Amino acid sequence: MPHPADAATFEPPHRLVRALGETYGKDVAGGWLGRLPEAAPEALAARGLEPERVVEPGGRSSLVVLVRRRPGGEPAVLKLAPPFAGAEAERDALAHWDGWGAVRLLDASEGPGLLLERLQPDVSLRSLPEAKALLEAAGTVRRLWVEPPAGHRFASVADRTAREAAAMAPHRTDEVAGPLVAAALEAREALVADAPEALLLHGSFRQGKVLAGERAPWLAVGPDPVVGERAYDLARLARDRVEDLVAATGGPAAARRRVNKLADSLDVDRERLRGWTLFRAVESATRALAAGRERDAELLLEFAGWL
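Residues numbered from 1 in each chain as written. Predicted model: local features only at pLDDT ≥ 70, side-chain atom pairs only at ≥ 80, totals over all residues. Heavy atoms only, no water.

1. Digging into the packing of helix H6 (residues 178–192) against helix H10 (residues 270–290)
Thinking step 1. Interhelical geometry of H6 versus H10 gives an angle of 135° and a closest axis separation of 9 Å. Between H6 and H10, the angle falls in the class oblique. With respect to the hand of their crossing, H6 and H10 are arranged in left-handed fashion. Each of Leu180, Val181, Ala183, Ala184, Leu185, Ala187, Arg188, Leu191 and Val192 in H6 lies in contact with H10, whose residues at this interface are Arg272, Gly275, Trp276, Leu278, Phe279, Val282 and Thr286.
Thinking step 2. For the contact of H6 with H10, the per-class residue count stands at 12 nonpolar, two polar and two charged. (Axes fitted to C-alpha atoms, helices over the stretch in contact; angles between N-to-C directions. Helix = DSSP H or I, 4+ residues; strand = E, 2+ residues; numbered from the N terminus. Parallel < 35°, antiparallel > 145°, perpendicular 65-115°, else oblique. Left-handed = near helix turned anticlockwise from the far one by under 90°. Contact = heavy atoms within 4.5 Å. Nonpolar A, V, L, I, M, F, W, Y, C, P; charged D, E, K, R; others polar.)

2. Describing the packing of helix H5 (residues 157–168) against H10
Thinking step 1. Interaxial distance between H5 and H10 falls to 10 Å at its minimum, and their mutual angle equals 45°. Relative to H10, the element H5 lies oblique. Judged by the sense of rotation from one axis to the other, the crossing of H5 with H10 is left-handed. Note on element contacts: H10 touches H5 through Trp276, Phe279, Val282, Glu283 and Thr286, opposite Val157, Thr161, Glu164, Ala165 and Met168.

3. Digging into H5
Thinking step 1. Compared with an ideal rise of 1.5 Å per residue, which puts 12 residues at 16 Å, H5 spans 16 Å between its outermost C-alpha atoms and is within 8% of the ideal.
Thinking step 2. Turning to H5, its buried residues number three or more, namely Val157, Arg160, Thr161, Glu164, Ala165 and Met168. Within H5, the buried residues cover an arc of 135° as seen down the axis, which keeps them to one side. In H5, the exposed positions that point more than 90 degrees away from the buried face belong to Arg163, Ala166 and Ala167.
Thinking step 3. Contacts made by the buried residues of H5 are with strand E7 (155–156), H6, strand E8 (199–201), strand E11 (226–228), helix H7 (230–235) and H10. (Expected span 1.5 Å × (residues − 1). Buried < 20%, exposed > 50% of the residue type's maximum accessible area, 1.4 Å probe, protein only. Arc of directions from axis to C-beta.)

4. Some remarks on the sheet that holds strand E10 (residues 218–220)
Strand pairing in a sheet relies on backbone hydrogen bonds. The paired strands run either parallel or antiparallel.
Thinking step 1. Reading across from one edge, E6-E9-E10 is the order of the three strands in this open sheet, with antiparallel pairing throughout. Each of the sheet's edge strands pairs with one partner strand only, and the pair in question is strand E6 (120–124) and E10. Across this sheet, the average inter-strand angle for adjacent strands is 55°, counted without regard to direction.
Thinking step 2. Strand direction decides the pairing type here: strand E9 (residues 210–212) and E10, joined by three bridges, are antiparallel. Paired with Leu211 across the strands is Leu219, a residue of E10. (Pairing = 2+ DSSP bridges.)

5. Considerations on the sheet that holds strand E1 (residues 49–54)
Thinking step 1. Read across the sheet, five strands follow the order E1-E2-E3-E5-E4 without closing on themselves; strand pairing throughout is antiparallel. Only two strands of the sheet have a single neighbouring strand rather than two, namely E1 and strand E4 (105–107). In this sheet, neighbouring strand axes are inclined to one another by 40° on average, regardless of whether the strands run parallel or antiparallel.
Thinking step 2. Bridge analysis of strand E2 (residues 63–69) against strand E3 (residues 74–80) gives seven bridges, and the strand direction is antiparallel. What sits directly across from Val64, in E3, is Lys79.
Thinking step 3. Of the strands in this sheet, E1, E2, E3, E4 and strand E5 (114–117) are in contact with helix H2 (residues 26–47), which crosses E3 at around 145°.

6. So, the side chain of Glu229
Thinking step 1. With respect to the helices and strands, Glu229 occurs in the loop between E11 and H7.
Thinking step 2. Among the residues examined, Glu229 registers a relative accessible area of 4% and is labelled buried.
Thinking step 3. A polar side-chain atom of Glu229 sits 2.7 Å from a polar atom in the side chain of Arg272.
Thinking step 4. Sequence-distant contacts of Glu229, defined by excluding residues within four places in its chain, comprise Leu191, Pro196, Glu197, Leu201, Arg272 and Trp276. (Polar contact = N/O pair within 3.5 Å; in protein donor to acceptor, adjacent residues only side chain to side chain.)

7. Here's the deal with H10
Thinking step 1. With 21 residues, H10 should cover 30 Å at 1.5 Å per step; its first-to-last C-alpha distance of 30 Å lies within 8% of that length.
Thinking step 2. One side-chain oxygen at the N-terminal end of H10 lies 3.0 Å from the backbone nitrogen of Glu271; it belongs to Asp269.
Thinking step 3. Looking one or two residues past H10, Gly292 carries a phi angle of roughly 80°, positive in sign.

8. Describing the confidence of the model for the protein
Thinking step 1. Chain-level pLDDT for the protein is 93 on average; 97% of the residues reach the 70-or-more range.
Thinking step 2. Confidence over residues 1–8 falls short of pLDDT 50; this stretch has 12 contacts with residues more than four positions distant or in other chains. (pLDDT = per-residue confidence, 0-100.)

9. Overview of the side chain of Arg241
Thinking step 1. Here Arg241 is to be found in the loop between H7 and helix H8 (242–247).
Thinking step 2. No salt bridge forms around the buried Arg241; measuring N to O, its nearest opposite-charge neighbour Asp244 is 5.1 Å away.
Thinking step 3. At a separation of 2.8 Å, a polar atom in the side chain of Arg241 contacts the side chain of Gln207.
Thinking step 4. Ignoring anything within four residues of it in the chain, the contact list for Arg241 reads Leu125, Arg126, Leu128, Pro129, Glu130, Ala133 and Gln207. (Lys, Arg positive; Asp, Glu negative; His and termini not counted. Salt bridge = Lys/Arg side-chain N within 4 Å of Asp/Glu carboxyl O.)

Laid out in structure tokens, this is it:
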């Protein structure tokens, strides 16, 4: 349930607690999460903001608070992320896009949190029928693919996936996941050895990361920016609503058609998109296994096996 503004509580939603714990470890994440009820009001006061409510279920890397700016009462959003989550990269990317295809950064200063324009937090592309959602997603993500700024501090796809590949490697011996892990690691090696471009990417693009807005129908939020090829950015989108694909009778054929359709609609090589989709699905599955989310891992591995 939303937190009323006068309750002065900023308890982190369950999704945030779980995601940060899985990614950074419960001890590391717990220290920051435990300070949130006191740190959040301090950040709001420093920026001259009045809270309305915490967005739930919210994000996986930050506390999202709907606010009003003083003295005029203009609506905005404040995102509070832990220092170890790399919020400075998100700030840099949003500043570079300057509202083109993405939520607008209202204050580029390195103050507490990210102050953003208010979108409709409860209306994402997942509210649309699948075909329409994928069409709108494609139109949104293509706006984000631009040359990165000079002297940028974004990670490369090669570097980011190298760390992920190292974490995946022990799963080569898994009875079920092992063959797919090996295939995913082999695909990654070939892809990074022959990258065709180095564009600024969203890094975590999917239907749930595109919200309804006023100055544009749909705008991307929550980037985990990285520099690399467009096929990498489409790979997470390609498996959206994976639970529906797995439940469908024609799931394998539908998954392959989706990959091909996304590639063709955005002038991306089909095989490169297939390879990155395989890698990112298996990487997510191994993280789910490590966190004890066996059902999520099963869905992702079944999807990966179709590719």
